[in-house]
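If you want the building blocks of each chain, they are given just below.
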Amino acid sequence: MASPPLALAQSPPASSVPRCWSELPLDLMQLIFERLSFTDFESAKSVCSSWQTGWRQSKPNNKIPWMILFPEEKNYCLLFNPEDREEKLYKTQHLGDNFATSYTCVATYRSWLLMDPCFNNREDLGYILNILTLERINLPLTSKGICSAILWIDDKTKDYLVVGETLVYLKKGYNSWKQISEGIQKDIVFKDHKLYCLDKDNELRIFDFSGEFPLQVSRVRVGRRYVRPQILSCLIRSPGYSPNFHDAHKTKNVVVTVGGDVFIVKGKNPSRSHTWNFKIFKMDSSKGLEEIVSLGDEAIILDLGITVVAKDLEGVISNSIYFTADGIMWDNTEIFVFNLDTKMVEQLPPLVSSSLSFSSARWFFPSFRND
C-alpha cells in the first residue's frame, strides 16, 4: 500500500506577514512588553499608536525595586534602577516648594510616598504623594510626629492605610487617627492585609486588617525581654577608650517572604566600623526560631521588610540583604548589599558616584499603571 503523501508546510501569503513592528499581533506584542525593564516598558508606548494600544493592555515588569534619593534642599527626587547598566539617575518633576525643607519621607508603597512634617512644622498636615503622577492625598493632623510607618494604597480606588510606630492608624474616610494598641515598635511590616509589629521587648504581634477593624491574631516572643540599663554615672569617652556598651550596634527586623514565611533578621555592626554581619531566623510554630543560612533564589529588601525572587532579575543579587544605614552611626543615605555567600558588604554605586548630597534614600517599586 502506498504511503499517504506528506503534508508540506505552506508559507503564509506575503500579505499576511507583518511588514513592520507596528503590525505585530497583540499577543506577540504583549510577550515582548512582559520582558522589558520598567524603563523600556514606559518608552514602548511612544513607538506608535498600535504599540500604545498594546501597552495599555499589558503589565509592566516592576518586580525590581528602585531606589529613590532625596537631594538636600531640592524639590525633586532622583531615581535609580539597579538593572540599568549605565547607572543613570532619573530626575522627577518638581514635587512642591516645601517638599525638601518641611517634610520627611517615612514610608513608600509602589510609587507613593508618605510625607510627614518635620519637627519644626508640626502644625502642617502630612500627605501621600505619587512621585510619578503627582497625585496627592492630604492626611489629618497627628498629635505626634511619625518617625517610621507603613503605607498601603490601592491605585484604583485610592483606599489607603497608614500605621505609625506608636500603633496609630488611619484609613481612607477617617477624620482622625485611631489607636490599635499601646507601645512603640522597633519594626513594622505590612503584607497581604497583615501587620507585623516587633516591639522593644522582642514581642512580635500580628494584626489582621482584612476586616473593618484590626484584629490581633498572633502574639509571640522572639528574644529576651528588654531590660533598661541603670545609668550609674556619666562617662566621658576618651581617645582610644571604648566601653562595652559602645562595642556594637545591633538591629532586629521583621521580614515576610514571597511565600509568606516570617523571618527575624538580626544585624550587628561593630562601633565605628563599616563591617556588618547578619543572621536570619525563620519563625516556626513548633520549633520557635530556627536559623537559616541561605535565602536560595530570593533577596531581602530590609527597609521594606520583604523578599523578592532575584534569580532572573538583572541588577539584584540572590541570597543577599539590601539595607540602608538609616539610624546607624553613618550617613543615613548610604545603601549597601550584604552577600550571605561571601559575608561581604558592598555599597551600591549611585550614591558613591553622585556629586550631590542626599538627606535620605529609600526603596520603592515604581508603577505608572493603576493595576
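The following refers to the structure shown.

Analysis parameters
Residues numbered from 1 in each chain as written. Predicted model: local features only at pLDDT ≥ 70, side-chain atom pairs only at ≥ 80, totals over all residues. Heavy atoms only, no water. Pairing = 2+ DSSP bridges. Helix = DSSP H or I, 4+ residues; strand = E, 2+ residues; numbered from the N terminus. Axes fitted to C-alpha atoms, helices over the stretch in contact; angles between N-to-C directions. Buried < 20%, exposed > 50% of the residue type's maximum accessible area, 1.4 Å probe, protein only. Arc of directions from axis to C-beta. Polar contact = N/O pair within 3.5 Å; in protein donor to acceptor, adjacent residues only side chain to side chain. Contact = heavy atoms within 4.5 Å. Phe/Tyr/Trp six-rings, centres within 6.5 Å; stacked < 30°, edge-to-face > 60°. Core = buried A, V, L, I, M, F, W, Y, C linked by side-chain atoms within 4.5 Å. Salt bridge = Lys/Arg side-chain N within 4 Å of Asp/Glu carboxyl O.

In this section: the sheet that holds strand β25 (residues 358-364). Taken together, 4 strands build an open sheet; the order of strands is β3-β2-β1-β25 and the sheet is antiparallel. This sheet does not close on itself; its edge strands, each paired only once, are β3 (89-91) and β25. This sheet shows a mean twist of 25 degrees between the axes of neighbouring strands, independent of strand direction. With 3 bridges joining them, strand β2 (residues 78-80) and β3 adopt antiparallel strand pairing. The residue bridging Leu 78 from the neighbouring strand is Lys 91, located in β3.

Since the α-helix advances by 3.6 residues per turn, residues separated by three or four positions end up pointing in the same direction. Every buried residue of helix α3 (residues 49-56) is listed here: Trp 51, Gly 54 and Trp 55. Mapping the buried residues of α3 onto a view down its axis gives an arc of 105 degrees, with all of them on the same face. The outward face of α3, more than 90 degrees from its buried face, is lined by the exposed residues Ser 49 and Arg 56.

Moving on to the side chain of Ser 320. Looking at the element boundaries, Ser 320 is found in strand β22 (residues 320-324). With a relative accessible area of 0%, Ser 320 lands in the buried category. Here Ser 318 takes part through its backbone oxygen, which lies 3.3 Å from a polar atom of the side chain of Ser 320. Aside from chain neighbours lying at most four places away, what touches Ser 320 is Leu 295, Glu 298, Ala 299, Ile 300, Val 337, Phe 338, Asn 339 and Leu 340.

For the rest of this paragraph, the subject is the packing of aromatic side chains. Each pair of aromatic rings is reported with the distance of its centres and the angle of its planes. Going through the model one piece at a time under the given rule, you end up with 13 aromatic pairs. A ring pair is formed by Phe 323 and Phe 336, whose centres lie 5.7 Å apart and whose planes are at 25 degrees; its orientation type is stacked. Remark: Phe 336 occurs in strand β23 (residues 335-339) and Phe 323 occurs in strand β22; sequence separation between them is 13 residues. Summarising the burial analysis for this pair, Phe 323 and Phe 336 share the class buried. Among the aromatic residues, those joined into a cluster by ring pairs are Trp 276, Phe 278, Phe 323, Phe 336 and Phe 338.

Our focus in this paragraph is the nonpolar core. Ranked by internal contacts, the top residues of the largest apolar core, which has 29 residues, are Leu 114, Ile 128, Leu 195 and Phe 209. At the level of secondary structure, the elements contributing two or more residues to this core comprise β4 (103-109), β5 (112-117), β8 (149-153), β9 (160-164), β10 (168-171), β12 (185-191) and β13 (194-199). Look past the residues within four positions of Leu 114 in its chain and what remains in contact with it is Thr 104, Cys 105, Val 106, Ala 107, Tyr 127, Ile 128, Leu 139, Ala 149, Ile 150, Leu 151 and Val 162.

For the rest of this paragraph, the subject is the environment of Thr 342. Following the sequence through the fold, Thr 342 ends up in the loop between β23 and β24 (344-347). On a C-alpha basis, the gap between Thr 342 and Ser 320 in space is 9.7 Å, while along the polypeptide they are 22 residues apart.

Turning our eyes to something else, we now look at the sheet that holds β10. Sheet strands line up and pair through hydrogen bonds in the backbone, either parallel or antiparallel. Read from one edge of the open sheet, 4 strands run β8-β9-β10-β11, paired in antiparallel fashion. In this open sheet, the two edge strands, each paired with only one partner strand, are β8 and β11 (178-179). Here β8 pairs with β9 via 5 bridges, running antiparallel. Across the sheet, Ile 153 pairs through a bridge with Tyr 160, a residue of β9.

Before going further, it helps to examine the pattern of salt bridges. When charged atoms on two side chains of opposite charge get close, those side chains can pair. Taken as a whole, this structure holds 6 salt bridges when the rule is applied. Between Arg 110 and Asp 155 there is a salt bridge, with its nearest N and O atoms 2.6 Å apart. In this pair, Arg 110 is assigned in the loop between β4 and β5 and Asp 155 in the loop between β8 and β9, connecting sequence segments 45 residues apart. Its relative accessible area of 17% is what places Arg 110 among the buried residues. Overall, Asp 155 belongs to the buried group, its relative accessible area being 7%. We note a salt bridge from Lys 172 to Asp 159, for which the minimum N-O separation is 3.8 Å.

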